[in-house]
Amino acid sequence: MKIRVIDFETTGTPEDRVKAVCEVAYTDLDLDNGIQPTVGFLVNPGHPIPPETRAVHHISDRDVIGAPSPDVAFRTLMQDMQEEDVFAAHNAAFEQAFFGGGSHRWICSYICARHLLPDAPKHSNQVLRYWLEGLDEAMDQSAAMPPHRAGPDSYVTAHIIKRLLALASVDELVRLTSTPVLLQQVTFGKHRGLKWSELPQDYLWWIVNKSDLGADEKHTARHYLGGKQ
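Everything numeric in this text was worked out from a predicted model, so none of it was measured.

Q: In this structure, what is going on with the overall build of the protein? I would like to understand it.
A: Secondary structure summary: the protein contains ten helices and six strands in total. For 229 residues, the compact-globule formula gives about 17 Å, and the C-alpha radius of gyration of the protein, at 19 Å, lands near that figure. Reported as C-alpha extents along the three principal axes, the dimensions of the protein are approximately 60 × 40 × 35 Å. When the 229 residues of the protein are sorted by exposure, 46% land in the buried category. Counted over contacts in the protein with a minimum sequence separation of 6, partners at least 24 positions apart contribute 55%. If you sum the accessible surface of the protein, you get close to 11,800 Å²; carbon and sulfur atoms cover 50% of it. Across the protein, the mean location of the 22 positive side-chain charges is 7 Å away from that of the 30 negative side-chain charges.

Structure below.
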């Protein structure tokens, strides 16, 4: 069984009217044989790359001349994927907005890290790379650099997922990916900075029943209400 850890560089966000991938990479985490060499390549998005996104990954229109189309790139991602294999990405919802992965299950290492590593200062793959003890030192630095390119980012994320597998099984990581996170500290409103356990009951009730806050906040409020809603 393997986890195929993917990463995309794109010409826009999922919310943009015009967007496509311009670089694709994957790093397979084989549960028997460990992390495999990264596979990555440029993709011709079929339209000009805007300066705003080029400023992130520095991929130019000239770079993608003659590169495969997104459809070809996505077919490549499906090659050698067995029924039990899993796709993964850091903030997987972003990659899934471009590539569904067929019937394969997904792991989001960002969401799983928020569940399993609540004490991390942040949960981006680069922060986790340096916060998890010994993780950066265990990597091939030539494969891990530079950030914001598909190959290095998939490689770093594969190492993070390998660490997460020491805390939870593949099935559990899949489950956590679609489970709201139990938050530790309030990051909004008049109670910003307090622990969720310190919030008054009437404020927790308001979050659950009246607010337009997200699933994580409502889940956490329900937890501390103890079912009293």
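Q: It is not clear to me how the pattern of salt bridges should be interpreted in this structure. Could you clarify?
A: Note that side chains of opposite charge can pair when their charged atoms are close. Under the definition given, this model contains seven salt bridges. Among the ionic pairs, Arg4 bridges to Asp28, the shortest N-O distance being 2.8 Å. Placement of the pair is Arg4 in strand β1 (residues 2-10) and Asp28 in strand β2 (residues 21-30), with a sequence separation of 24 residues. Overall, Arg4 belongs to the buried group, its relative accessible area being 1%. The shortest N-O distance in the salt bridge between Arg114 and Asp216 comes to 3.1 Å. On the criterion of sequence distance, the pair formed by Arg114 in helix α4 (residues 109-116) and Asp216 in helix α10 (residues 215-225) is long-range, its members being 102 residues apart.

Parameters at a glance
Just so you know, the residues in each chain are numbered from 1, in the order the chain's sequence is written. Local features in this predicted model are restricted to residues whose pLDDT is 70 or higher, and side-chain atom pairs enter the listing and the counts only when it is 80 or higher, whereas totals over whole chains, interfaces and linings include all residues. Think of the side-chain values as coming from all heavy atoms in the structure, minus any hydrogens and water. In this text, helices come from DSSP runs of H or I with a minimum length of four residues, and strands from runs of E with a minimum of two, each type numbered from the N-terminal end. The globule rule is 2.2 Å times the number of residues to the power 0.38, and the radius of gyration it is compared with is taken over C-alpha atoms. Each residue gets one of three labels from its accessible area relative to the maximum for its type: buried under 20%, exposed over 50%, partly exposed in between, using a 1.4 Å probe on protein chains only. In what follows, a contact means two residues having at least one pair of non-hydrogen atoms within 4.5 Å. Accessible surface area values rest on a Shrake-Rupley calculation with a 1.4 Å probe, where residue burial reflects the displayed protein chains alone. In this charge count, Lys and Arg are treated as positive and Asp and Glu as negative; neither His nor the chain ends contribute. To locate a charge, the coordinates of NZ of Lys, CZ of Arg, CG of Asp or CD of Glu are taken. We define a salt bridge as a contact between a side-chain nitrogen of Lys or Arg and a carboxyl oxygen of Asp or Glu at a distance within 4 Å.

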